[in-house]
Amino acid sequence: VWLDGKVLAPDEARVAVTDHGLTVGDGVFETMKVVDGVPFAMSRHLARLRSSADRLGLAVPAEDDLRAGVRELLSAHGPGEVGRLRITVTGGDGPAGTERGTSGPTVLMVTGQLRAWAESAALTVVPWARNERSAVAGAKTTSYAENVVALARAKVVGADEALFLDTRGHLSECTGSNVFLVVGGRLVTPALSTGCLAGVTRGLVLEWSGADEVELPEAALDEATEVFLTSSTRDVQPVHAVDSRRYAAPGPVTARAAADFRTHLAADRDP
Ligand SMILES: Cc1ncc(COP(=O)(O)O)c(C=O)c1O
(Lines give C-alpha, C1' and ligand atoms only; values in the text may rest on other atoms or scores of the structure.)
Protein backbone atom coordinates (compact mmCIF):
# COMPACT_ATOMS: atom_id res chain seq x y z
CA VAL A 1 0.00 0.00 0.00
CA TRP A 2 1.17 3.53 -0.79
CA LEU A 3 -0.45 5.97 1.63
CA ASP A 4 0.16 9.71 1.57
CA GLY A 5 3.72 9.34 0.31
CA LYS A 6 4.87 6.14 2.05
CA VAL A 7 4.99 2.49 0.98
CA LEU A 8 3.61 0.36 3.81
CA ALA A 9 2.60 -3.24 4.39
CA PRO A 10 -1.20 -3.55 4.16
CA ASP A 11 -1.55 -4.14 7.91
CA GLU A 12 0.50 -1.02 8.69
CA ALA A 13 -1.60 1.37 6.58
CA ARG A 14 -4.10 3.36 8.63
CA VAL A 15 -6.80 5.80 7.56
CA ALA A 16 -8.79 7.82 10.13
CA VAL A 17 -12.18 6.34 11.04
CA THR A 18 -13.54 9.85 10.34
CA ASP A 19 -12.14 9.96 6.79
CA HIS A 20 -14.82 11.48 4.53
CA GLY A 21 -14.22 8.71 2.02
CA LEU A 22 -15.27 6.19 4.65
CA THR A 23 -18.09 8.14 6.29
CA VAL A 24 -19.88 9.52 3.22
CA GLY A 25 -18.18 8.04 0.15
CA ASP A 26 -16.55 11.38 -0.69
CA GLY A 27 -13.77 10.23 -2.99
CA VAL A 28 -12.69 9.25 -6.47
CA PHE A 29 -10.65 6.33 -7.74
CA GLU A 30 -9.05 4.58 -10.68
CA THR A 31 -8.26 0.92 -11.25
CA MET A 32 -5.54 0.08 -13.76
CA LYS A 33 -4.45 -3.27 -15.10
CA VAL A 34 -0.72 -3.84 -14.57
CA VAL A 35 0.95 -5.73 -17.43
CA ASP A 36 4.53 -6.94 -16.87
CA GLY A 37 4.96 -4.36 -14.13
CA VAL A 38 3.59 -1.48 -16.25
CA PRO A 39 0.15 0.08 -15.58
CA PHE A 40 -1.81 0.01 -18.82
CA ALA A 41 -3.10 3.34 -20.19
CA MET A 42 -1.89 5.20 -17.10
CA SER A 43 -2.01 8.64 -18.74
CA ARG A 44 -5.71 8.20 -19.50
CA HIS A 45 -6.43 6.94 -15.99
CA LEU A 46 -4.57 9.85 -14.36
CA ALA A 47 -6.44 12.31 -16.58
CA ARG A 48 -9.77 10.79 -15.58
CA LEU A 49 -8.79 10.78 -11.89
CA ARG A 50 -8.20 14.50 -12.19
CA SER A 51 -11.46 15.16 -14.02
CA SER A 52 -13.44 13.08 -11.48
CA ALA A 53 -11.71 14.97 -8.66
CA ASP A 54 -12.47 18.32 -10.33
CA ARG A 55 -16.15 17.38 -10.39
CA LEU A 56 -16.05 16.81 -6.62
CA GLY A 57 -13.81 19.81 -5.94
CA LEU A 58 -11.10 17.52 -4.56
CA ALA A 59 -7.40 18.34 -4.76
CA VAL A 60 -5.26 15.63 -6.37
CA PRO A 61 -1.44 15.52 -6.07
CA ALA A 62 0.55 16.58 -9.13
CA GLU A 63 0.68 13.94 -11.87
CA ASP A 64 4.47 13.52 -11.46
CA ASP A 65 4.02 12.79 -7.75
CA LEU A 66 1.34 10.19 -8.50
CA ARG A 67 3.57 8.58 -11.13
CA ALA A 68 6.46 8.51 -8.65
CA GLY A 69 4.15 6.87 -6.08
CA VAL A 70 3.07 4.23 -8.60
CA ARG A 71 6.71 3.49 -9.47
CA GLU A 72 7.69 3.25 -5.81
CA LEU A 73 4.80 0.94 -4.98
CA LEU A 74 5.38 -1.34 -7.97
CA SER A 75 9.10 -1.55 -7.27
CA ALA A 76 8.27 -2.89 -3.79
CA HIS A 77 6.86 -6.02 -5.50
CA GLY A 78 8.49 -8.91 -7.34
CA PRO A 79 8.14 -9.23 -11.15
CA GLY A 80 4.68 -10.33 -12.24
CA GLU A 81 3.32 -10.08 -8.69
CA VAL A 82 0.91 -7.23 -9.41
CA GLY A 83 -2.11 -7.53 -11.71
CA ARG A 84 -3.98 -4.38 -10.76
CA LEU A 85 -3.37 -1.09 -9.05
CA ARG A 86 -6.02 1.15 -7.57
CA ILE A 87 -5.54 4.84 -6.74
CA THR A 88 -8.06 6.39 -4.36
CA VAL A 89 -8.31 10.05 -3.37
CA THR A 90 -10.80 10.94 -0.64
CA GLY A 91 -11.98 14.15 1.00
CA GLY A 92 -9.68 13.30 3.93
CA ASP A 93 -10.27 13.38 7.66
CA GLY A 94 -13.28 15.52 8.45
CA PRO A 95 -16.04 16.40 10.87
CA ALA A 96 -19.18 14.26 11.14
CA GLY A 97 -21.70 15.23 8.48
CA THR A 98 -21.70 15.94 4.80
CA GLU A 99 -19.48 19.01 4.76
CA ARG A 100 -15.85 18.22 3.92
CA GLY A 101 -13.10 19.00 6.45
CA THR A 102 -9.98 21.06 5.84
CA SER A 103 -7.29 18.44 6.44
CA GLY A 104 -6.68 17.89 2.71
CA PRO A 105 -7.20 14.68 0.77
CA THR A 106 -6.21 11.15 1.69
CA VAL A 107 -4.30 9.58 -1.23
CA LEU A 108 -3.72 5.86 -1.32
CA MET A 109 -2.72 3.18 -3.79
CA VAL A 110 -3.31 -0.51 -3.36
CA THR A 111 -2.05 -3.38 -5.52
CA GLY A 112 -3.74 -6.72 -6.09
CA GLN A 113 -4.09 -9.68 -8.40
CA LEU A 114 -6.23 -9.69 -11.52
CA ARG A 115 -9.27 -11.90 -11.17
CA ALA A 116 -10.00 -14.33 -13.98
CA TRP A 117 -13.17 -13.34 -15.82
CA ALA A 118 -15.44 -15.92 -17.47
CA GLU A 119 -15.10 -16.34 -21.26
CA SER A 120 -18.48 -14.68 -21.59
CA ALA A 121 -20.95 -12.97 -19.29
CA ALA A 122 -24.69 -12.99 -18.67
CA LEU A 123 -26.34 -9.64 -17.88
CA THR A 124 -29.62 -8.66 -16.31
CA VAL A 125 -31.32 -5.29 -16.72
CA VAL A 126 -31.93 -3.92 -13.23
CA PRO A 127 -34.96 -1.82 -12.27
CA TRP A 128 -32.89 1.09 -10.89
CA ALA A 129 -31.74 4.01 -13.06
CA ARG A 130 -28.31 5.44 -13.78
CA ASN A 131 -29.02 9.12 -13.15
CA GLU A 132 -27.60 11.05 -16.08
CA ARG A 133 -28.55 14.30 -14.27
CA SER A 134 -26.68 13.41 -11.06
CA ALA A 135 -24.21 16.01 -9.72
CA VAL A 136 -21.50 13.40 -10.18
CA ALA A 137 -22.71 11.69 -13.39
CA GLY A 138 -19.73 10.34 -15.29
CA ALA A 139 -17.29 10.80 -12.37
CA LYS A 140 -15.64 7.69 -10.95
CA THR A 141 -16.52 8.24 -7.32
CA THR A 142 -16.12 5.84 -4.40
CA SER A 143 -19.89 6.03 -3.77
CA TYR A 144 -20.56 2.60 -5.26
CA ALA A 145 -23.45 1.43 -3.07
CA GLU A 146 -25.86 1.55 -6.03
CA ASN A 147 -23.49 -0.71 -7.93
CA VAL A 148 -23.16 -3.05 -4.95
CA VAL A 149 -26.94 -3.45 -4.74
CA ALA A 150 -27.35 -3.92 -8.50
CA LEU A 151 -24.53 -6.47 -8.75
CA ALA A 152 -25.99 -8.43 -5.81
CA ARG A 153 -29.32 -8.48 -7.65
CA ALA A 154 -27.58 -9.79 -10.78
CA LYS A 155 -26.01 -12.63 -8.78
CA VAL A 156 -29.39 -13.56 -7.29
CA VAL A 157 -30.88 -14.04 -10.77
CA GLY A 158 -27.80 -15.98 -11.97
CA ALA A 159 -26.24 -13.15 -14.01
CA ASP A 160 -22.68 -11.83 -13.87
CA GLU A 161 -23.31 -8.12 -14.38
CA ALA A 162 -26.20 -5.67 -13.98
CA LEU A 163 -27.16 -3.33 -16.80
CA PHE A 164 -28.61 0.08 -15.92
CA LEU A 165 -30.88 2.22 -18.05
CA ASP A 166 -30.75 6.00 -17.55
CA THR A 167 -33.77 7.85 -16.14
CA ARG A 168 -35.22 8.17 -19.67
CA GLY A 169 -34.95 4.46 -20.44
CA HIS A 170 -31.77 4.49 -22.55
CA LEU A 171 -29.14 1.80 -22.08
CA SER A 172 -26.33 3.27 -19.97
CA GLU A 173 -23.70 0.98 -18.42
CA CYS A 174 -23.10 -1.81 -15.93
CA THR A 175 -21.82 -1.76 -12.34
CA GLY A 176 -18.16 -2.03 -13.32
CA SER A 177 -18.13 -2.01 -17.11
CA ASN A 178 -19.36 -0.27 -20.26
CA VAL A 179 -21.48 -2.04 -22.83
CA PHE A 180 -21.26 -2.27 -26.64
CA LEU A 181 -23.89 -3.71 -29.02
CA VAL A 182 -23.94 -4.69 -32.66
CA VAL A 183 -27.24 -3.39 -34.05
CA GLY A 184 -28.02 -3.67 -37.77
CA GLY A 185 -24.38 -4.59 -38.37
CA ARG A 186 -23.13 -1.39 -36.70
CA LEU A 187 -21.05 -1.34 -33.48
CA VAL A 188 -22.50 1.14 -30.99
CA THR A 189 -22.15 2.08 -27.33
CA PRO A 190 -24.34 4.27 -25.10
CA ALA A 191 -23.45 7.96 -25.34
CA LEU A 192 -22.02 9.76 -22.28
CA SER A 193 -25.34 11.68 -22.12
CA THR A 194 -26.80 8.50 -20.57
CA GLY A 195 -24.71 9.07 -17.43
CA CYS A 196 -22.26 6.25 -18.07
CA LEU A 197 -18.62 6.49 -17.11
CA ALA A 198 -16.27 7.47 -19.92
CA GLY A 199 -14.48 4.14 -19.50
CA VAL A 200 -10.84 4.12 -20.54
CA THR A 201 -11.37 0.78 -22.30
CA ARG A 202 -14.56 2.11 -23.90
CA GLY A 203 -12.57 5.08 -25.24
CA LEU A 204 -9.86 2.85 -26.68
CA VAL A 205 -12.35 0.48 -28.31
CA LEU A 206 -14.18 3.49 -29.79
CA GLU A 207 -10.94 4.78 -31.31
CA TRP A 208 -9.74 1.43 -32.57
CA SER A 209 -13.04 0.10 -33.92
CA GLY A 210 -14.72 3.27 -35.17
CA ALA A 211 -17.86 2.44 -33.15
CA ASP A 212 -20.52 5.11 -32.66
CA GLU A 213 -21.79 6.66 -29.41
CA VAL A 214 -25.58 6.77 -29.47
CA GLU A 215 -28.64 6.84 -27.24
CA LEU A 216 -30.23 3.40 -27.43
CA PRO A 217 -33.62 2.30 -26.15
CA GLU A 218 -33.80 -0.93 -24.15
CA ALA A 219 -35.42 -2.53 -27.23
CA ALA A 220 -32.03 -2.30 -28.99
CA LEU A 221 -31.15 -5.39 -26.95
CA ASP A 222 -33.83 -7.31 -28.90
CA GLU A 223 -32.37 -6.27 -32.25
CA ALA A 224 -28.72 -6.70 -31.25
CA THR A 225 -26.80 -9.63 -32.68
CA GLU A 226 -23.79 -9.20 -30.37
CA VAL A 227 -23.15 -7.57 -27.00
CA PHE A 228 -19.87 -7.12 -25.15
CA LEU A 229 -18.51 -5.44 -22.03
CA THR A 230 -15.37 -3.37 -21.61
CA SER A 231 -13.40 -2.52 -18.48
CA SER A 232 -9.80 -2.12 -17.42
CA THR A 233 -9.60 -5.58 -15.91
CA ARG A 234 -11.80 -7.38 -18.50
CA ASP A 235 -10.62 -5.61 -21.69
CA VAL A 236 -13.33 -6.95 -24.07
CA GLN A 237 -15.65 -9.59 -22.59
CA PRO A 238 -18.33 -11.19 -24.80
CA VAL A 239 -21.89 -11.33 -23.47
CA HIS A 240 -23.94 -14.46 -24.17
CA ALA A 241 -27.20 -13.37 -22.54
CA VAL A 242 -29.14 -10.34 -21.36
CA ASP A 243 -32.02 -11.78 -19.34
CA SER A 244 -33.79 -14.17 -21.79
CA ARG A 245 -32.05 -12.80 -24.92
CA ARG A 246 -29.19 -14.88 -26.31
CA TYR A 247 -26.17 -13.78 -28.36
CA ALA A 248 -23.22 -15.34 -30.13
CA ALA A 249 -20.31 -14.94 -27.71
CA PRO A 250 -18.06 -14.01 -29.24
CA GLY A 251 -19.71 -12.97 -32.48
CA PRO A 252 -17.43 -11.78 -35.31
CA VAL A 253 -17.43 -8.07 -34.38
CA THR A 254 -16.68 -8.85 -30.73
CA ALA A 255 -13.90 -11.24 -31.70
CA ARG A 256 -12.33 -8.54 -33.88
CA ALA A 257 -12.59 -5.90 -31.15
CA ALA A 258 -10.97 -8.29 -28.64
CA ALA A 259 -8.17 -9.23 -31.05
CA ASP A 260 -7.51 -5.57 -31.94
CA PHE A 261 -7.37 -4.74 -28.24
CA ARG A 262 -4.79 -7.48 -27.62
CA THR A 263 -2.67 -6.27 -30.55
CA HIS A 264 -2.69 -2.64 -29.39
CA LEU A 265 -2.00 -3.64 -25.78
CA ALA A 266 1.03 -5.66 -26.84
CA ALA A 267 2.36 -2.75 -28.91
CA ASP A 268 1.82 0.19 -26.55
CA ARG A 269 1.33 0.24 -22.77
CA ASP A 270 0.16 3.85 -22.67
CA PRO A 271 -2.06 4.45 -25.70
C1 LIG B 1 -19.44 2.06 -13.39
C2 LIG B 1 -18.31 1.70 -14.32
N3 LIG B 1 -18.50 1.84 -15.64
C4 LIG B 1 -17.52 1.53 -16.51
C5 LIG B 1 -16.29 1.04 -16.08
C6 LIG B 1 -15.21 0.70 -17.08
O7 LIG B 1 -14.24 1.70 -17.09
P8 LIG B 1 -12.71 1.43 -17.46
O9 LIG B 1 -12.68 0.88 -18.84
O10 LIG B 1 -12.07 2.75 -17.36
O11 LIG B 1 -12.19 0.45 -16.47
C12 LIG B 1 -16.06 0.90 -14.72
C13 LIG B 1 -14.76 0.41 -14.26
O14 LIG B 1 -14.61 -0.05 -13.15
C15 LIG B 1 -17.09 1.24 -13.81
O16 LIG B 1 -16.91 1.12 -12.50
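Residues numbered from 1 in each chain as written. Predicted model: local features only at pLDDT ≥ 70, side-chain atom pairs only at ≥ 80, totals over all residues. Heavy atoms only, no water.

Time to look at the side chain of T230. With respect to the helices and strands, T230 occurs in strand β13 (residues 226-231). Excluding residues within four positions of it along the chain, T230 makes contact with S177, N178, F180, T201, R202, V205, D235 and V236. (Helix = DSSP H or I, 4+ residues; strand = E, 2+ residues; numbered from the N terminus. Contact = heavy atoms within 4.5 Å.)

Attention shifts here to the sheet that holds strand β5 (residues 84-90). Spatial strand order, β2-β1-β6-β5-β3-β4: six strands in an open sheet with antiparallel pairing. Looking at strand neighbours, the two that pair on one side only are β2 (6-7) and β4 (38-39), the edges of this open sheet. Direction of pairing for β5 relative to strand β6 (residues 106-112): antiparallel, over a ladder of seven bridges. Note that in β6 the partner of L85 across the bridge is T111. Sheet strands in contact with helix α3 (residues 63-75) are β1 (2-3), β2, β3 (27-35), β4, β5 and β6, and its direction is about 35 degrees off that of β6. (Pairing = 2+ DSSP bridges. Axes fitted to C-alpha atoms, helices over the stretch in contact; angles between N-to-C directions.)

Within the structure shown, the criterion is met by zero disulfides. Unpaired in terms of disulfides, C174 finds its nearest cysteine sulfur in C196, a separation of 10 Å. (Disulfide = S-S within 2.5 Å.)

Burial of strand β11 (residues 186-190) is extensive: four of the five residues sit out of reach of the surface. For strand β10 (residues 178-183) and β11, the ladder comprises three bridges, and the chain directions are antiparallel. Across the sheet, the residue bridging to V183 is R186, located in β11. Bridge count for β11 against strand β12 (residues 212-214) is three bridges, and the pairing is parallel. Each residue of the ladder has a partner; that of T189, found in β12, is E213. (Buried < 20%, exposed > 50% of the residue type's maximum accessible area, 1.4 Å probe, protein only.)

This part covers the nonpolar core. Generally speaking, a soluble globular protein has its nonpolar side chains buried in company with each other. V28, L49, L66, V70, L85, I87 and M109 are the most contacted members of the largest nonpolar core, which totals 22 residues. Those elements that provide at least two residues to this core are β3, α2 (42-56), α3, β5 and β6. In terms of residues, this core owes the most to one element, α2, which gives five residues. (Core = buried A, V, L, I, M, F, W, Y, C linked by side-chain atoms within 4.5 Å.)

Every one of the 17 residues lining the ligand counts as a neighbour, but Y144, E173, V200, T201 and S232 are closest to it. Contact between the ligand and V200: an oxygen atom at 2.7 Å from a main-chain N or O atom of the residue. Starting from 390 Å² of accessible surface for the ligand in isolation, the protein chains cover 93%. Elements with a contribution of two residues or more to the shell around the ligand: β9 (171-174), α5 (200-209) and β13. Of the residues belonging to the shell around the ligand, the class tally is four nonpolar, nine polar and four charged. (Near = heavy atom within 4 Å. Polar contact = N/O pair within 3.5 Å; in protein donor to acceptor, adjacent residues only side chain to side chain. Areas by Shrake-Rupley, 256 points an atom, 1.4 Å probe, with all protein chains shown as cover. Nonpolar A, V, L, I, M, F, W, Y, C, P; charged D, E, K, R; others polar.)

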